[in-house]
Amino acid sequence: LRYGPDWEKLRKSVEQPLQKVVSQQFDKIVAISEEFTERILTIRNKQEEVPNYFKNEIYKWCLECLCSVTLNKKLGFLDLCGLSSTSDPGRLLDGLIGATKAIRKCEYGFHLWKFMETPAWKALVRNCGIIDGVLDKHIQRAMSNLRERKDKRSNLDNNISLLEVLLLKEEVAAEDVMTVLLDMFLIGINATAHTVAFIFYHLARNPRCQIKLYEEIRQFEGNLNKEDVNKMKYLNACIKETLRLDPPIPILSRHLNNDIVINHYLIPKGTHILFATHLNSMREEYFEDALKFKPERWLANELGGFGNDFQVFASMPFGHGPKACLAKELVELEIALLLAKVFQKFKIEYNYGDMQSSNELLASPTKPLKFRFIHRI
Ligand code: HEM
């Protein structure tokens with residue numbers, strides 16, 4: 001389904017309402033980010049360091065934001081009293097973590113699962129079944145909710161979730177809704193969590209950048225709105241620079257429907273092409289000091305930046321064209337809100353040497369995220 005005219009139609013059905021739903025959910029996303037900062041306070045040890053499982057806490061923040069946007073529901077992933085593993089949200093979380101691990105195992109080395117049911121393949125099927133089961137309950141509930149609202153002739157435009165918008169579209173089948181949700185939950189959450197982890201890391205390793213960021217965001221304490229986020233130029237530059245250095249999806253792929261000619265080479269229809277976008281964004285000819293974290297490179301000169309005129313394709317963390325990431329605006333907004341809330345409250349340190357990305361499908365950081373979150377009083 002992910003290619004061809006059917007996918008294009010489905011993609012359009014998601015793209016347009018997504019913008020509207022994100023605006024409607026803005027305050028809730030702010031509240032979820034505030035909850036995340038509270039959670040940090042609860043799980044830090046006496047040295048103000050968060051535990052080995054901190055990656056899962058970031059994951060839970062992503063999941064809560066995505067549930068707010070897609071289901072218009074708060075499922076309580078960040079509740080201070082913890083999450084029961086037998087509850088539906090607990091099962092969804094475990095299912096997603098299990099499926100992620102299984103996908104990594106399936107993708108590593110020789111793809112034996114294409115010929116026989118390997119343990120990793122079985123784990124993937126089992127975990128996708130769990131995710132499917134929980135999401136299906138939400139689909140059924142949304143359908144009955146829509147029927148009720150239609151019967152009562154209440155306004156369907158108000159406070160409607162992305163899931164409900166999709167279910168209302170006659171051309172979209174319920175199975176297709178499930179496919180989109182699965183993609184969003186599985187790939188979207190991993191990509192976002194990876195990005196947040198590396199932004200924390202780069203800012204922890206570059207205290208000078210952290211000071212600059214704090215100087216910017218301290219002007220926006222109190223209630224944040226969307227215009228405030230657009231004004232946070234340095235913060236947005238930190239996100240761009242992290243995505244240049246450690247993109248969660250470092251390679252793009254395309255299956256050619258037609259013959260094409262690139263640089264005098266004829267590439268025939270049916271070829272599968274891989275683009276090493278990450279390698280491109282690390283090239284010195286496009287980015288001076290390419291290995292260094294320098295958010296300034298994305299800023300215009302008046303903000304103390306270099307204001308380089310980059311090639312459009314030099315860094316492409318969200319891909320490009322009709323198959324580019326459809327949640328770019330959502331992701332940039334939710335990460336910006338999270339950073340504003342976290343850095344208003346804490347300074348971050350990381351004392352465990354260099355961290356890298358595993359650079360595999362559903363990449364993850366290679367070390368535990370044992371950051372020190374030092375409370376600003
Ligand atoms: C920092 C976070 C994220 C990054 C860097 C990212 C990046 C990408 C990239 C590189 C692609 C492939 C683009 C291409 O081939 O040209 C993609 C596709 C996609 N992304 Fe994201 N993504 C992120 C988060 C999300 C989230 C949170 C969602 C869901 C709400 C999402 C939904 C999708 C979907 C549905 C596609 C498939 C689009 C298609 O095939 O037409 N992404 N993303």
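Here the structure is a predicted model, which means the values were calculated and not measured.

**What about the coordination of the iron atom of the ligand?**
Argument step 1. Exactly one protein atom donates to the iron atom of the ligand; that atom is Cys-325 (SG), 2.4 Å from the metal.
Argument step 2. Relative to the helices and strands, Cys-325 is located in the loop between α11 (277-281) and α12 (328-345).

**Section: empty space enclosed by the protein**
Argument step 1. Per the stated rule, a full pass over the model turns up 1 cavity of 30 Å³ or more.
Argument step 2. The space that makes up the largest cavity amounts to roughly 40 Å³.
Argument step 3. Lining the largest cavity are Leu-243, Arg-244, Pro-247, Thr-277, His-278, Ser-281, Ser-315, Met-316 and Pro-317.
Argument step 4. Looking at the lining of the largest cavity, the elements that each hand over two or more residues are α10 (233-245) and α11.

**Quick word on the layout of surface pockets**
Argument step 1. Here the second largest pocket defines a volume of roughly 660 Å³.
Argument step 2. Contributing to the lining of the second largest pocket are 26 residues, with Arg-254, Leu-256, Phe-275, His-320 and Pro-322 lying nearest its centre.
Argument step 3. Contributing elements (two or more residues each) for the lining of the second largest pocket: α1 (4-24), β1 (252-255), β2 (260-262), β4 (272-275) and α11.
Argument step 4. Of the residues contributing to the lining of the second largest pocket, the split by class is 14 nonpolar, 8 polar and 4 charged.

**Some remarks on the site of the ligand**
Argument step 1. Near the ligand, the surroundings consist of 24 residues, among which Trp-7, Arg-11, Arg-254, Lys-323 and Cys-325 are the closest.
Argument step 2. Contacts to the ligand include Arg-11, whose side-chain N or O atom sits 2.7 Å from an oxygen atom.
Argument step 3. Here Arg-254 contributes a side-chain N or O atom positioned 2.7 Å from an oxygen atom of the ligand.
Argument step 4. Among the secondary structure elements, those contributing two or more residues to the shell around the ligand are α1, α7 (174-205), β1 and α12.

**Regarding the confidence of the model for the chain**
Argument step 1. Mean pLDDT over the chain works out to 91, with 95% of the residues at or above the 70 mark.
Argument step 2. Looking across the chain, the model is least confident in α1, with a mean pLDDT of 86, and most confident in strand β5 (residues 346-349), with 98.

**Some remarks on the packing of aromatic side chains**
Argument step 1. Enumeration over the complete set of coordinates arrives at 16 aromatic pairs.
Argument step 2. Seen from their ring centres, Phe-54 and Phe-371 are 6.3 Å apart, and the 80° between their planes marks the pair as edge-to-face. Of this pair, Phe-54 sits in helix α3 (residues 54-71) while Phe-371 sits in the loop between β5 and β6 (372-375); the two residues are 317 residues apart in sequence, bridging distant segments of the chain.
Argument step 3. The exposure class assigned to Phe-54 is buried, which follows from its relative accessible area of 0%.
Argument step 4. The exposure class assigned to Phe-371 is buried, which follows from its relative accessible area of 0%.
Argument step 5. Taken together, a centroid distance of 6.1 Å and an interplanar angle of 85° make the contact between Phe-198 and Tyr-201 edge-to-face. Residue Phe-198 and its partner Tyr-201 are located together in helix α7, separated by 3 residues, close to a single helical turn. Considered together, Phe-198 and Tyr-201 belong to a single accessibility category, that of buried residues.
Argument step 6. By the ring-pair criterion, three or more aromatic residues cluster together here, those being Phe-36, Phe-54, Phe-198, Phe-200, Tyr-201, Phe-343, Phe-346, Tyr-350, Tyr-352, Phe-371 and Phe-373.
Argument step 7. Sitting over the ring of Phe-287, Arg-244 keeps its end group 4.8 Å from the ring centre.
Argument step 8. Across the ring face of Tyr-214, the terminal group of Arg-376 is positioned such that the distance to the ring centre comes to 3.6 Å.

**Some details on the pattern of salt bridges**
Proximity of charged atoms lets side chains of opposite charge pair with each other.
Argument step 1. Throughout the structure, instances matching the rule amount to 21 salt bridges.
Argument step 2. Notably, a salt bridge pairs Glu-49 with Lys-370, separated by 3.7 Å at the nearest N-O pair. You can see Glu-49 sitting in the loop between α2 (26-43) and α3 and its partner Lys-370 sitting in the loop between β5 and β6, a full 321 residues away along the chain.
Argument step 3. In this structure Lys-370 comes out as partly exposed when scored by relative accessible area, which is 23%.
Argument step 4. Where Arg-244 meets Glu-241, a salt bridge forms, and the shortest distance between an N and an O atom there is 2.9 Å. Of this pair, Arg-244 and Glu-241 both sit in helix α10, separated by 3 residues, roughly a single helical turn. For the pair Arg-244 and Glu-241, a shared accessibility class is recorded, and that class is buried.
Argument step 5. One network of salt bridges, in which partners are shared, links Arg-44, Glu-48, Glu-349 and Arg-372.

So, how was this worked out
- Residues numbered from 1 in each chain as written.
- Predicted model: local features only at pLDDT ≥ 70, side-chain atom pairs only at ≥ 80, totals over all residues.
- Heavy atoms only, no water.
- Donors = N, O, S within 2.8 Å, 3.2 Å for Na, K, Ca; no water.
- Helix = DSSP H or I, 4+ residues; strand = E, 2+ residues; numbered from the N terminus.
- 1 Å grid on protein atoms, 1.4 Å probe; cavity = no way out; pocket = protein on both sides within 12 Å on 5 of 7 lines; lining within 4 Å.
- Points joined across faces, edges and corners; volume = space filled by probe spheres on them.
- Nonpolar A, V, L, I, M, F, W, Y, C, P; charged D, E, K, R; others polar.
- Near = heavy atom within 4 Å.
- Polar contact = N/O pair within 3.5 Å; in protein donor to acceptor, adjacent residues only side chain to side chain.
- pLDDT = per-residue confidence, 0-100.
- Phe/Tyr/Trp six-rings, centres within 6.5 Å; stacked < 30°, edge-to-face > 60°.
- Buried < 20%, exposed > 50% of the residue type's maximum accessible area, 1.4 Å probe, protein only.
- Lys NZ or Arg CZ within 6 Å of the ring centre and 35° of its normal.
- Salt bridge = Lys/Arg side-chain N within 4 Å of Asp/Glu carboxyl O.

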